[in-house]
Each structure stands twice: as structure tokens, then as C-alpha cells.
Amino acid sequence: MPNVKTPSTALATALTIAGSDSGGGAGIQADLKTFHAFGVFGASAVTAVTAQNTIGVQAVQALDPAIVRRQIESVRSDLRPAAAKTGMLAHAGIVRAVVEGLRGFAEPLVVDPVMVATSGDRLLDPAAVDAILDELVPLAALVTPNLPEAEILAGRPVRTLEEMSAAARAIVARGAGAALIKGGHGSGEEVVDLLWDGERERVWRSPRIRTTETHGTGCTLSAAITAGLADGFALEPAIERGLAFTHAAITSAPGLGAGRGPLDHWATPGRYSP
């Protein structure tokens, strides 16, 4: 008698569209580890391969946009992801391939506009910014820029809470469902993160952790939010779980490498309250 597979309805699938980090702390590696931590099956579409470690990015090789698009289409046609996220997209050709690959995708999309690595190395061709704003942002349920990325996307300084609020509104005005401006690059004793969903503003505050173990923080947070959305959480609870998990993952970072080390992707989300 032939084997007949019974599709599982218990395990949600999430798709990450991002670059590969050979050091394992950011990019698709961080995304897949985070999906796993939340009990979500992770699939991936690789956009670029980096030679990278905790010290910096030594080399980048972007993939052909056609194979990026085919990866997305292959995952969508079979594994039916319940949510997706983007990370490093390298250049405008890949941005447009991602947009084509996601055509008709009705599930939540989180856009993490990765432009510069934690080490300071640039990961996005400047010409791709317009493509992200014009073509990808309007597909997003949520965009998650840090302060420097928010300045680029909004075209204005973003340092104060008022400027974060204005930047979030500017990004939503470009077609995004919501914008979460991350305050990790700010100063002061608190990290302030601000969400604007087109109707309501929400601010989260948490104690700033004085550490260099922050490689892959943005990837981890956006992946955690994506996992929550894939599991059926509404946007705010998904963000709260993601912030709590990321804070815990920084706190218990394993201390690997000689530079900015990776987070602890074994941190248990259920142990921590937002």
C-alpha cells in the first residue's frame, strides 16, 4: 500500500528571504534558529552569500535575481508559509525579484530593511533604497528599521521620540501596514521602540544592556515577530514576544568570537514577560 502523507495543521511555516551569514549569527541562520525557538518550521530563500564573522564582513556575493525568485516560488507552491520576512536584499534587482516572487502572497510580510551590518559594513546598494520604498514597503504588514535605517527610509533625522514617531508615520504613508522603529542604536539608559500602525502609536521601553554581543539583533527580532504572525498572533502581541525574546537572547549571549558576538538563540521565549 503506498504511503499517503497527511498534511500537518499543527506546525506553521515561515519563510525568510535574506543573506547567508557564514558566522551563523545573523541573516538566514539567525532567522531559522529563531523560527525553531518559537516552534515554527523555517524555510529560506537565500539572496546573497557573505564571508562574515563577529569582526566584520570580508566578502559578499549576491545571487542571480532569477534564482532568488525561483526559491520563493518553490517554497510558496509547496510549503505554504503562513508569514514571511525579508532581510539583506543586496541590490535593486534582487528587491524586484522578491517582489515578483511574493506576487499574490496574502499572508503577513515583515520587511527588515537591512542596510548596514552591526560591524558597520554596508549590505545594501544605495540604488536599492528606492526599490524597497516604492515596491517592497507597500507589500509589508510591518517594516522594522533601526534608527539609521529609519533616517534613510524617511529622509529625515531620527533621534528623538518625536522624530521616531514622524519617521514611522512617513514609512506607513509609503504603503506599509505598520512601522516599528527600533531604538537600539540610540543612547540613554533605556531602549525605546515605537510602533505606528496607521491608527495607534505604542511605545515599549526596556533597560539598555551594555554589551557588544549584539550581532544579528535586528534579524532575530524581525524573525521572532514573523514567527508570531505565522502562529496566528496579532501584530502587537507578536512584537511583544519578539522584543522579550530578543532581550533575553542578548542577556544570555554565549560570548563567541573576537568582535560583536551572536545572541543566544536557545533563549526560551516563554520564560520572559514583555
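Computed from a predicted structure; not experimentally measured.

Caption draft 1: Structural context of the pattern of salt bridges. All told, the structure shown has 13 salt bridges when counted by the stated rule. Among the ionic pairs, Arg169 bridges to Glu201, the shortest N-O distance being 2.7 Å. Linking Arg169 in helix α6 (residues 161-173) with Glu201 in strand β9 (residues 201-207), this pair joins segments that are 32 residues apart in sequence. Classification of Arg169 as partly exposed rests on a relative accessible area of 32%. A relative accessible area of 33% places Glu201 in the partly exposed class. A salt bridge links Arg202 to Glu236, with the shortest nitrogen-to-oxygen separation between them at 2.8 Å. Placement of the pair is Arg202 in strand β9 and Glu236 in helix α8 (residues 235-251), with a sequence separation of 34 residues. Assessed through its relative accessible area of 22%, Arg202 is described here as partly exposed. Salt bridges sharing common partners tie together Arg200, Arg202, Glu236 and Glu240.

Caption draft 2: Fine view of a nonpolar patch on the surface. Residues Leu11, Phe41 and Leu79 make up a contiguous nonpolar surface patch of about 260 Å² in total accessible area. Summarising the element assignment, Phe41 is placed in strand β2 (residues 41-52).

Caption draft 3: Just the environment of Ala176, in detail. By the secondary structure assignment, Ala176 is in the loop between α6 and β7 (179-181). Separated by 68 residues in the primary sequence, Ala176 and Pro108 place their C-alpha atoms 11 Å from one another.

Caption draft 4: View of helix α2 (residues 65-79). For α2, spanning 15 residues, the distance from its first C-alpha to its last is 21 Å, which sits close to the expected 21 Å at 1.5 Å a residue. Among the residues making up α2, those that are buried are Val68, Gln71, Ile72 and Val75. With its buried residues spanning 90° around the axis, α2 presents them on a single face. Every exposed residue of α2 that faces more than 90 degrees away from the buried side is listed here: Arg70 and Asp78. Summarising the contacts, the buried residues of α2 are in contact with β1 (13-21), β2 and α3 (92-101).

Caption draft 5: Representation of the packing of α3 against helix α4 (residues 128-136). At a minimum axis distance of 8 Å, the contact between α3 and α4 shows a crossing angle of 15°. Viewed along their axes, α3 and α4 adopt a mutual orientation that is roughly parallel. In the packing of α3 onto α4, the handedness of the crossing is right-handed. The segment α3 lies against α4, with Ala92, Val95, Arg96, Val98 and Val99 engaging Ala128, Ala131, Ile132, Glu135 and Leu136. Classifying every residue of the contact of α3 with α4 by side-chain character gives eight nonpolar, no polar and two charged.

Caption draft 6: Here's a closer look at the packing of aromatic side chains. Scanning the entire structure with this criterion turns up one aromatic pair. Here the aromatic rings of Phe38 and Phe245 are separated by 5.0 Å at their centres, their planes lie at 70°, and the arrangement is edge-to-face. Here Phe245 lies in helix α8 and Phe38 lies in the loop between α1 (27-37) and β2, a separation of 207 residues in the sequence. Each member of the pair, Phe38 as well as Phe245, is classed as buried.

Conventions we followed
Residues numbered from 1 in each chain as written. Predicted model: local features only at pLDDT ≥ 70, side-chain atom pairs only at ≥ 80, totals over all residues. Heavy atoms only, no water. Salt bridge = Lys/Arg side-chain N within 4 Å of Asp/Glu carboxyl O. Helix = DSSP H or I, 4+ residues; strand = E, 2+ residues; numbered from the N terminus. Buried < 20%, exposed > 50% of the residue type's maximum accessible area, 1.4 Å probe, protein only. Patch = residues over 30% accessible without salt bridge, like charges linked within 9 Å, V, L, I, M, F, W, Y side chains within 5 Å. Areas by Shrake-Rupley, 256 points an atom, 1.4 Å probe, with all protein chains shown as cover. Expected span 1.5 Å × (residues − 1). Arc of directions from axis to C-beta. Contact = heavy atoms within 4.5 Å. Axes fitted to C-alpha atoms, helices over the stretch in contact; angles between N-to-C directions. Parallel < 35°, antiparallel > 145°, perpendicular 65-115°, else oblique. Left-handed = near helix turned anticlockwise from the far one by under 90°. Nonpolar A, V, L, I, M, F, W, Y, C, P; charged D, E, K, R; others polar. Phe/Tyr/Trp six-rings, centres within 6.5 Å; stacked < 30°, edge-to-face > 60°.

Keep in mind these values describe shape, not function.
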